[in-house]
Amino acid sequence: MLEIQSLFTEYTNELGQPVKAAQDVNISVPEGHFFTLLGPSGCGKTTTLRSIAGLERPKSGEITVSGTVVYSGSRRVFVPPNQRGFGMVFQSYAIWPHMDVFTNTAFPLQVGKARYSRAQIDAKVMKVLAAVQLDHLRDREATKLSGGQQQRLALARALVMEPRLLLLDEPLSNLDAKLRELMRFELKRLQRELQITTVYVTHDQSEALALSHQVAVMNQGRIQQIGSPRDIYERPQTQFVADFVGSTNFVDGVVRGREADDYIIETELGPLRSQSVEPVRTGDKVVLSIRPEDVELSDEQPADISVNAWHAMVDQKIFLGEAMDFRIKVGERTLLSRTHPSIRTPIGQPVWARIHPSKSVAMPAVPA
């Protein structure tokens, strides 16, 4: 549905210096999928989205939507944004304060090229307001809506034109934490029911993991990894991805060999069995990423202590309600473990720690 090939987008900052915002971006989004661009501020995700929308003119590359080229540097094609037929919701919802809910939603139909009768507009508007659960508020002034209702109104206005592609630029960032979580469910429901192809930009990894079919993690203008939320979280290919998406323990090591599906890694914790997304060789310096929830704690000695098991000491612990965060010390090394609250080992007392080899991911060490 959406194909981006070798996209380069640059702009000039306030000092007149060129900023390489999107560098060799390649993306393929199937029809009906929810695709997220995830990364820190300034990584190029919003510039990539604006390039898709036509609000930025790239330096080179090609953007195709449903077989139609909307931008091509080599062929000198640039379709203006108002002719691309995409829906877009910005971080600030840009709702007309002097209009009610119905009029705000109907506005794109009234000013667009296509001409609709009053009955057609009414039917289209009420259909989309029902989808976002605002049909009972059709006559309410926009300024009297809550934050979540304003966000849904902005979505309705983008959807009423039945766009080929929906572009969302951090639309939940202005909401409080509880409302943001609620709106994630609403967005996922809408996207699933309407089957609209969506490209979403966020710096919030929880949003990306919760909403997406696929996630592209960006840093310094380049895509670091594209994959399903589970792949991104459980099988990171770089230290940046592992560090940015969730919390993790990094352990330095050197590959000493291989047994069956596991690599034997020499670390400060001792020999550790691990797996790797990309092949590594004996003698390679690697970094292991181990998620806190994969550091299993027990007051009882595991049946097999020969594989990734250590006698540790509880250094600190924090009660989080649904979980406990432990800081444990294995020798001089500190590891973070997130466990069920039933583990009650006191601070200063010994505990057994174990890591399954499949939950330890080795990746090439980045040169200093």
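Check the entry above for the structure.
My aim in this report is to walk through the structure given alongside it, one point at a time. Worth saying up front: this structure is predicted, and the values here are computed from it rather than measured. Note that residues are indexed from 1 along each chain, following the sequence as it is written. Where local features are concerned, this predicted model is filtered to residues with pLDDT of at least 70; where side-chain atom pairs are given and counted, the filter is 80 or more; whole-chain, interface and lining totals use all residues. No hydrogens and no water enter the side-chain calculation; it runs on all heavy atoms of the structure.

### With respect to the overall build of the protein
Line of reasoning, step 1. A run of DSSP states H or I qualifies as a helix once it reaches four residues; a run of E qualifies as a strand once it reaches two. Both are numbered from the N-terminal end. Along its length, the protein carries eight helices and 21 strands.
Line of reasoning, step 2. Based on the C-alpha atoms only, the size of the protein along its principal axes is roughly 75 × 50 × 40 Å.
Line of reasoning, step 3. Using a 1.4 Å probe on the protein chains alone, a residue whose accessible area is under 20% of its type maximum counts as buried, one over 50% counts as exposed, and one in between counts as partly exposed. Evaluated residue by residue, the protein yields a buried proportion of 48% over its 368 residues.
Line of reasoning, step 4. Contact between two residues is taken to exist if any of their heavy atoms lie within 4.5 Å; hydrogens are not considered. Look at the contacts in the protein between residues 6 or more apart in sequence, and 64% of them connect residues 24 or more apart.
Line of reasoning, step 5. All accessible areas in this document rest on Shrake-Rupley with a 1.4 Å probe, and a residue is counted as covered only by the protein chains that are shown. Carbon and sulfur atoms make up 48% of the accessible area of the protein, which amounts to about 18300 Å² in all.

### Comments concerning the side chain of Lys 45
Line of reasoning, step 1. Mapping Lys 45 onto the fold places it in helix 1 (residues 45–53).
Line of reasoning, step 2. Here the positive residues are Lys and Arg and the negative ones are Asp and Glu; neither His nor the chain ends is included. Every case where a carboxyl oxygen of Asp or Glu lies within 4 Å of a side-chain nitrogen of Lys or Arg is listed as a salt bridge. Lacking a salt bridge, the buried Lys 45 has Glu 170 as its closest oppositely charged neighbour, with an N-O distance of 4.3 Å.
Line of reasoning, step 3. Two N or O atoms count as a polar contact when they lie within 3.5 Å, although within protein this holds only if one can serve as hydrogen donor and the other as acceptor, and sequence-adjacent residues are included solely when both atoms are side-chain atoms. Within polar-contact distance, the side chain of Lys 45 engages the backbone oxygen of Pro 40 at 3.0 Å.
Line of reasoning, step 4. Leaving out residues up to four positions away in the same chain, Lys 45 has contacts with Leu 37, Leu 38, Gly 39, Pro 40, Glu 170, Val 201, Thr 202, His 203 and Met 218.

### Some details on the pairing of strand 10 (residues 214–219)
Consecutive side chains along a regular strand alternate between the two faces of the sheet.
Line of reasoning, step 1. Judged by how many residues are buried, strand 10 sits mostly within the fold: five of six residues are covered.
Line of reasoning, step 2. Across four bridges, strand 3 (residues 34–38) lies against strand 10 in parallel orientation. From the neighbouring strand, Leu 38 faces strand 10, where its bridge partner is Val 217.
Line of reasoning, step 3. Two strands form a pair only when DSSP identifies at least two bridges running between them. Direction of pairing for strand 10 relative to strand 11 (residues 222–227): antiparallel, over a ladder of five bridges. Each residue of the ladder has a partner; that of Val 217, found in strand 11, is Gln 225.

### Here we look at the sheet that holds strand 3
The pairing of strands in a sheet comes from backbone hydrogen bonds and takes either a parallel or an antiparallel form.
Line of reasoning, step 1. With respect to topology, six strands assemble into an open sheet ordered 7-8-9-3-10-11, the strand pairing being mixed. Where the open sheet ends on each side, the last strands, each with one partner, are strand 7 (86–89) and strand 11. Strand-to-strand twist in this sheet, taken as the mean axis angle between neighbours without regard to direction, amounts to 15°.
Line of reasoning, step 2. With four bridges joining them, strand 8 (residues 165–169) and strand 9 (residues 198–202) adopt parallel strand pairing. Across the sheet, residue Asp 169 finds its bridge partner in strand 9, namely Val 201.
Line of reasoning, step 3. A fitted line through C-alpha atoms serves as each axis, taken over the contacting stretch for helices, and the angle formed by two N-to-C directions is quoted from 0 to 180°. Relative to strand 8, helix 1 is tilted by about 150°, and along the sheet it contacts strand 3, strand 7, strand 8, strand 9 and strand 10.

### Let's talk about the sheet that holds strand 4 (residues 60–65)
Line of reasoning, step 1. What the five strands build is an open sheet, ordered 2-1-4-5-6; its pairing is antiparallel. The open sheet is flanked by strand 2 (18–29) and strand 6 (77–78), the only strands paired with a single partner.
Line of reasoning, step 2. Strand direction decides the pairing type here: strand 5 (residues 68–72) and strand 6, joined by two bridges, are antiparallel. Bridge pairing in strand 6 places Ser 72 opposite Val 77.
Line of reasoning, step 3. Against the sheet, helix 1 makes contact with strand 1 (2–12), strand 2 and strand 4, and its axis sits at roughly 115° relative to strand 1, the strand it touches most.

### Digging into empty space enclosed by the protein
Unfilled space is identified by rolling a water-sized probe across the atoms.
Line of reasoning, step 1. Using a grid of 1 Å spacing that covers the protein atoms alone, one calls a set of points a cavity when a 1.4 Å probe fits there but cannot get out, and a pocket when the set is open and has protein on both sides within 12 Å along at least five of seven lines; lining residues are those with an atom within 4 Å of a point. Grid points are joined across faces, edges and corners, and a volume is the space filled by probe spheres set on the points. Counted by the stated rule, this structure contains one cavity of 30 Å³ or more.
Line of reasoning, step 2. In this model, the largest cavity occupies a volume close to 50 Å³.
Line of reasoning, step 3. Lining of the largest cavity is provided by Phe 34, Leu 155, Leu 159, Leu 166, Leu 168, Leu 187, Leu 190, Gln 191, Leu 194, Ile 196 and Thr 198.
Line of reasoning, step 4. Among the secondary structure elements, those contributing two or more residues to the lining of the largest cavity are helix 4 (147–159), strand 8 and helix 5 (177–194).
Line of reasoning, step 5. It is helix 5 that provides the largest number of residues to the lining of the largest cavity, a total of four residues.
Line of reasoning, step 6. In terms of residue class, the lining of the largest cavity is built from nine nonpolar, two polar and no charged. In the scheme used here, Gly and all other residues not listed as nonpolar or charged are polar, with Ala, Val, Leu, Ile, Met, Phe, Trp, Tyr, Cys and Pro taken as nonpolar and Asp, Glu, Lys and Arg as charged.

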